[in-house]
Amino acid sequence: MTMPLFGTLCVIGPGLIGSSVLRRLRAHLGLVDRLVVADRDPAVLERIRELDLGDIVTDDMQKAVENADCVMLCVPVGAIASVAAGILPHMKPGAILTDVGSTRRSVVEALTPHLRDDIAYVPAHPMAGTEHSGPDAGFATLFEDRWCLLTPSGDAPQEAIDRIADFWRAMGARIRIMDTDHHDTICAMVSHLPHLIAFTICGTADTLAEDMRAEVLDFAASGFRDFTRIAASDPTMWRDIFLNNSDALLSVLDRFSQDAAAMAEAIRKGDEKTIVETISRGRRIRRSLIENRQA
Ligand SMILES: NC(=O)C1=CN([C@@H]2O[C@H](COP(=O)(O)OP(=O)(O)OC[C@H]3O[C@@H](n4cnc5c(N)ncnc54)[C@H](O)[C@@H]3O)[C@@H](O)[C@H]2O)C=CC1
Ligand SMILES: O=C(O)C(=O)Cc1ccc(O)cc1
């Protein structure tokens, strides 16, 4: 019999990520003894009850956390610090606080003043998701073979870090531990900038003249369609990510703009060598991802 990782786990914000965690726990019995699920939205709570994803399902955040050995915040980045501030005084001594937020530095800065010495805070960001949100969007295999990036502070006890790492391994993920700023730069590059580009390119297509726009959509090839998938993501979540990772995002956006300008210049000058080199580089990256089974 497996030893449970946590007696009671409380998931706050059971949307795409939170409900995927809950589904996995329901599918792999024994990892957690009791699941407490909380959200501020009654419709979300109703769905969680219908899906039978929680043993206790409530809108009372303070009651939800009081017996929990681990509290996992799965709310949008902009809400993490305020939800943490509300629940921290009610958590039991020795419990672990974690979150799955897509950005780190500003969240940690806003949350740290509310932390207690007897609560370990171990943020963990699963690099897995889709463009869909809400409790119906989740699935138990979402995290399989995906990275989960842990960014514990220097004060976090090793035992709590190990627990959270074991938890995400049980979700099917691979673990990497890194510091906050490194996390934010990497995510700005591989996740936040691509989303910014996808939202923008769809906006650009949309502002074409009305007759052109119909054609843009009618004849959209798979490249444009791939952008529209990403661009279908949740506006609140992505507003929060952009505003909370603005330094790292603006910095990679600046580099991207310079590279795009260099490509424009190569096209203008008919510089075949630069054009081919740039395309070949992209191709190499795609191939190496496929070889590593990440695409
Ligand atoms: N969607 C994705 O692909 C990924 C998202 N993340 C991060 O995970 C977190 C959750 O994202 P999703 O599951 O996609 O979001 P979601 O929109 O599917 O679910 C968020 C849930 O939080 C609840 N909520 C919002 N504000 C709240 C508050 N103040 N108090 C209590 N509940 C509140 C909402 O009612 C909703 O049920 C975000 O921080 C996001 O950055 C991390 C990896 C991937
Ligand atoms: O749907 C996609 O393409 C994603 O990139 C999902 C995603 C969104 C946010 C994250 O912090 C991590 C992964």
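The model shown is predicted, which means the values in this text are computed figures rather than measured ones.

A.B. asks: I'm lost on the site of ligand 2 in this one. Help?
C.D. replies: As a matter of local geometry, ligand 2 sits amid S102, H125, A128, G129, T130, E131, S191, H195, R229, M237 and W238. Measuring from an oxygen atom of ligand 2, one finds a side-chain N or O atom of H125 at 2.6 Å. At 2.8 Å, a side-chain N or O of R229 approaches an oxygen atom of ligand 2. Surface burial for ligand 2 is 84%, taken as the share of its 340 Å² of free accessible area covered by protein chains. Secondary structure elements with two or more residues in the shell around ligand 2: α7 (180–206) and α10 (235–244). Tallied by class, the residues present in the shell around ligand 2 amount to 3 nonpolar, 6 polar and 2 charged. Two domains each donate at least three residues to the shell around ligand 2, and these are domain 1 (6–178) and domain 2 (182–291).

A.B. asks: Even after reading the chapter, I still don't get the domain arrangement of the protein, so can you show me in this structure?
C.D. replies: One widely used convention gives an interface's size as the accessible area the parts lose upon coming together. Each assigned domain of the protein is listed here: domain 1 (6–178) and domain 2 (182–291). Summarising the inter-unit geometry, the C-alpha centres of domain 1 and domain 2 are found 30 Å apart. Listed by partner, the interface residues are 17 residues for domain 1 and 17 residues for domain 2. Here domain 1 packs against domain 2, burying approximately 1300 Å² in sum over the two surfaces, 63% of which is carbon and sulfur. Our count for the domain 1 to domain 2 interface comes out at 1 salt bridge. Taken together, domain 1 and domain 2 are joined by 7 residue pairs in polar contact (both at pLDDT 80 or more). Where the side of domain 1 that touches domain 2 is concerned, the elements lending two or more residues are α4 (77–87) and α5 (105–111).

A.B. asks: What am I meant to see in the packing of helix α11 (residues 246–269) against helix α12 (residues 272–291) here?
C.D. replies: Angle between the axes and distance between the axes are the two parameters that describe a pair of packed helices. The interhelical angle for the contact between α11 and α12, taken along N-to-C directions, is 140°, at an axis separation of 8 Å. The angle between α11 and α12 falls in the class oblique. From α11, M263, A266 and I267 reach across to α12, where they touch T274, I275, T278 and I279. Tallied by class, the residues present in the contact of α11 with α12 amount to 5 nonpolar, 2 polar and no charged.

A.B. asks: Any chance you could explain the packing of aromatic side chains here in plain terms?
C.D. replies: What characterises a pair of aromatic rings is the spacing of the ring centres plus the angle enclosed by the ring planes. Scanning the model with the defined rule gives 6 aromatic pairs in all. On the numbers, 4.9 Å between centres and 90° between planes, the contact of F143 with W168 is edge-to-face. Here F143 is found in the loop between β7 (124–126) and β8 (147–150), whereas its partner W168 is found in helix α6 (residues 158–170), with 25 residues between them in sequence. Among the residues examined, F143 registers a relative accessible area of 1% and is labelled buried. An aromatic cluster of three or more residues is present, and its members are F6, F143, F167 and W168. Of note, R174 hangs over the ring of W147, and the distance from its end group to the ring centre comes to 4.9 Å. The side chain of R176 reaches across the aromatic face of W147, ending 4.6 Å from its centre.

A.B. asks: Looking at this structure, I do not really get the packing of α7 against α10. What am I missing?
C.D. replies: In contact at an axis separation of 11 Å, α7 and α10 are set at 125° when each is read in the N-to-C sense. Here α7 is positioned oblique relative to α10, judged by the angle of their axes. By crossing handedness, the relation of α7 to α10 is classed as left-handed. Contact residues: α7 offers S191, H192, H195, L196 and F199, while α10 offers W238, I241 and F242.

A.B. asks: What is the right way to look at the site of ligand 1 in this model?
C.D. replies: Around ligand 1 sit 27 residues, and of these L16, D39, V75, S102 and G134 come closest. Interatomic distance of 2.6 Å between a side-chain N/O atom of D39 and an oxygen atom of ligand 1. In the complex, the protein chains occlude 89% of the 830 Å² of accessible area that ligand 1 would expose alone. For the shell around ligand 1, the secondary-structure elements that each account for two or more residues are α1 (16–27), α4, β7 and α10.

A.B. asks: Hey, could you run me through the sheet that holds strand β9 (residues 174–177) in this one?
C.D. replies: Through backbone hydrogen bonds, the strands of a sheet pair up, either in parallel or in antiparallel fashion. The 3 strands lie next to each other as β7-β8-β9, forming an open sheet whose pairing is mixed. With one partner strand each, in any of the chains shown, β7 and β9 form the two edges of the open sheet. For this sheet, the mean angle separating the axes of adjacent strands, direction not counted, is 25°. Pairing geometry for β7 and β8, over 3 bridges, is antiparallel. Bridge pairing links H125 to L149 in β8.

Thresholds, definitions, all that
One numbering rule holds for all chains: residues counted from 1, following each sequence as written. The order in which chains are written sets their letters, starting at A; the order in which ligands are written sets their numbers, starting at 1. In keeping with the model being predicted, local features are shown solely for residues with a pLDDT of at least 70 and side-chain atom pairs are shown and tallied solely at 80 or more, while totals for entire chains, interfaces and linings include all residues. No hydrogens and no water enter the side-chain calculation; it runs on all heavy atoms of the structure. The criterion for a residue being near a molecule or strand is simple. One of its heavy atoms has to lie within 4 Å of it. Think of a polar contact as two N or O atoms within 3.5 Å of one another; within protein, one of them needs to be a possible hydrogen donor and the other a possible acceptor, and neighboring residues in sequence only count if both atoms come from side chains. Surface accessibility in these figures is a Shrake-Rupley result with a 1.4 Å probe; residues are shielded only by whichever protein chains are displayed. Note on conventions: DSSP H or I runs of at least 4 residues are helices, E runs of at least 2 residues are strands, and numbering of each starts at the N terminus. When residues are grouped by polarity, Ala, Val, Leu, Ile, Met, Phe, Trp, Tyr, Cys and Pro land in nonpolar, Asp, Glu, Lys and Arg in charged, and all others, Gly among them, in polar. Segmentation of the chain into domains, including their bounds, is taken from an automatic or database domain assignment. Contact between two residues is taken to exist if any of their heavy atoms lie within 4.5 Å; hydrogens are not considered. In short, buried area is how much 1.4 Å probe accessible area vanishes from two parts on joining, totalled over both. Salt bridges are counted wherever a side-chain nitrogen of Lys or Arg sits within 4 Å of a carboxyl oxygen of Asp or Glu. All axes here are fitted lines through C-alpha atoms, helices being fitted over the stretch that makes contact, and every angle between N-to-C directions spans 0 to 180 degrees. Put simply, angles under 35 degrees are roughly parallel, angles over 145 are roughly antiparallel, angles from 65 to 115 are roughly perpendicular, and the rest are oblique. Two aromatic rings from Phe, Tyr or Trp, using only the six-membered ring of Trp, form a pair when their centres are within 6.5 Å; if the ring planes differ by under 30 degrees the pair is stacked, by over 60 it is edge-to-face, and anything between is tilted. Burial classes: relative accessible area under 20% of the type maximum marks a residue as buried, over 50% as exposed, and values in between as partly exposed (1.4 Å probe, protein chains only). The criterion for a charge sitting over a ring is simple: Lys NZ or Arg CZ within 6 Å of the ring centre, and within 35 degrees of the ring normal. A clockwise turn of the near helix away from the far one marks a right-handed crossing, whereas an anticlockwise turn of less than a right angle marks a left-handed crossing. Paired strands, in this sense, are two strands between which DSSP finds at least two bridges.

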